[in-house]
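Fold and contact review
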Amino acid sequence: AAIDERLQKLNARAAAQWGGEEFGRANSLLTAADQDATAREYTAAEQKLNEITPLLDTVENRAPQVLAEQLKAGAEALSQGRSEDAKAAFGLALKIEPNNQVASRGLKRAGTLDQVLALLTKAEGQEKEGNATPALENFQKALALDAVATRASEGIARITSRQAADAFPSAMAR
């Protein structure tokens, strides 16, 4: 029962995607052990069941490493503007560890990434053309979708700084 329970938990954590050869072998051994038990080959069934535990230990011990790899891959995909890759990496990370806050935030950011990038591109174009007000609005929209979009906060800082600098001489002239 403990083996079955462990396999179910690993299945729920998407171990079929990351558990490697050991996970596949453990599933195969369990099926074979069930067949042996049905055929009343209890010694053979027990031997197979005894082989499963170390395989499951290996898979369970691998989970933190795979989680870290997925979080890193998701972050890299976000920084490179690859929303689908980021969604896949953070999605798998959440299957491995459902309450992982980094993965939750990353998945949320990946969901708005394409929209944020479009707003940033538009805002930067408007800023270059000297259209500060619409550029500022688009930078603010991007920042509202993704609070850690540094290109948006940097754009807002540039425009507000420029507006303050432009306002100073005219205020002094009065």
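Computed from a predicted model, the values in this text were never measured in an experiment. (Residues numbered from 1 in each chain as written. Predicted model: local features only at pLDDT ≥ 70, side-chain atom pairs only at ≥ 80, totals over all residues. Heavy atoms only, no water.)

**As for the overall build of the protein chain**
For the protein chain, the count of helices and strands is eight helices and zero strands. For the protein chain, the sequential pattern of α-helices and β-strands runs α-α-α-α-α-α-α-α. Computed over C-alpha atoms, the radius of gyration of the protein chain comes to 27 Å, more than 25% over the 16 Å expected from 2.2 N^0.38 for 174 residues, which places it beyond the range of a compact globule. Seen along its three principal axes, the alpha-carbon backbone of the protein chain occupies a region of about 100 × 20 × 20 Å. Relative to its 174 residues, the protein chain shows a buried fraction of 34%. Intrachain contacts of the protein chain at a sequence separation of at least 6 include 52% that bridge at least 24 residues. Here the protein chain has roughly 10500 Å² of accessible surface; of this, 52% comes from carbon and sulfur atoms. Averaging the coordinates of the 21 positive side-chain charges in the protein chain and doing the same for the 24 negative ones gives two points 8 Å apart. (Helix = DSSP H or I, 4+ residues; strand = E, 2+ residues; numbered from the N terminus. Rg over C-alpha atoms; globule rule 2.2 N^0.38 Å. Buried < 20%, exposed > 50% of the residue type's maximum accessible area, 1.4 Å probe, protein only. Contact = heavy atoms within 4.5 Å. Areas by Shrake-Rupley, 256 points an atom, 1.4 Å probe, with all protein chains shown as cover. Lys, Arg positive; Asp, Glu negative; His and termini not counted. Charge placed at Lys NZ, Arg CZ, Asp CG, Glu CD.)

**What to know about unusual backbone geometry**
For A14, which is not a glycine, the phi torsion comes out positive at approximately 60 degrees. By relative accessible area, A14 is classed as buried at 9%.

**What about the nonpolar core?**
If you look at the biggest cluster of nonpolar residues, it comprises 29 residues, and the most contacted ones within it are L7, L10, W18, I52, L56 and I96. Residue assignment for this core shows that the elements contributing at least two residues are α1 (2–12), α2 (15–18), α3 (20–38), α4 (42–79), α5 (83–96) and α6 (101–128). By size, the runner-up hydrophobic cluster in this structure holds twelve residues, among which are L119, L136, F139 and A152. (Core = buried A, V, L, I, M, F, W, Y, C linked by side-chain atoms within 4.5 Å.)

**Some remarks on the confidence of the model for the protein chain**
On average, residues of the protein chain score 94 in pLDDT, and 95% of them reach the 70 mark or higher. Per-residue pLDDT, averaged within each element of the protein chain, yields its smallest value for helix α8 (residues 150–173) (85) and its largest for α5 (98). (pLDDT = per-residue confidence, 0-100.)

**Quick notes on the environment of F23**
Along the chain, the position of F23 falls in helix α3. Along the chain, F23 and V59 lie 36 residues apart, while their C-alpha atoms are 6.4 Å from each other. Excluding its chain neighbours within four sequence positions, the residues that come into contact with F23 are L7, L10, N11, A15, A16 and V59.

**Some points on α4**
In this model α4 runs 55 Å from its N-terminal to its C-terminal C-alpha over 38 residues, within 8% of the 56 Å that 1.5 Å per residue would give. Of all the bends in α4, the greatest, near 35 degrees, is centred on A63, and the proline P64 appears no more than four residues after it. A positive backbone phi angle near 75 degrees is found at G81, which sits one or two residues after α4. (Expected span 1.5 Å × (residues − 1). Bend = angle between axes of the 7 residues up to and from the residue.)

**Comments concerning the side chain of S83**
Assignment of secondary structure puts S83 in helix α5. The contact partners of S83, leaving out residues within four places of it in the chain, are A110, L113 and D114.

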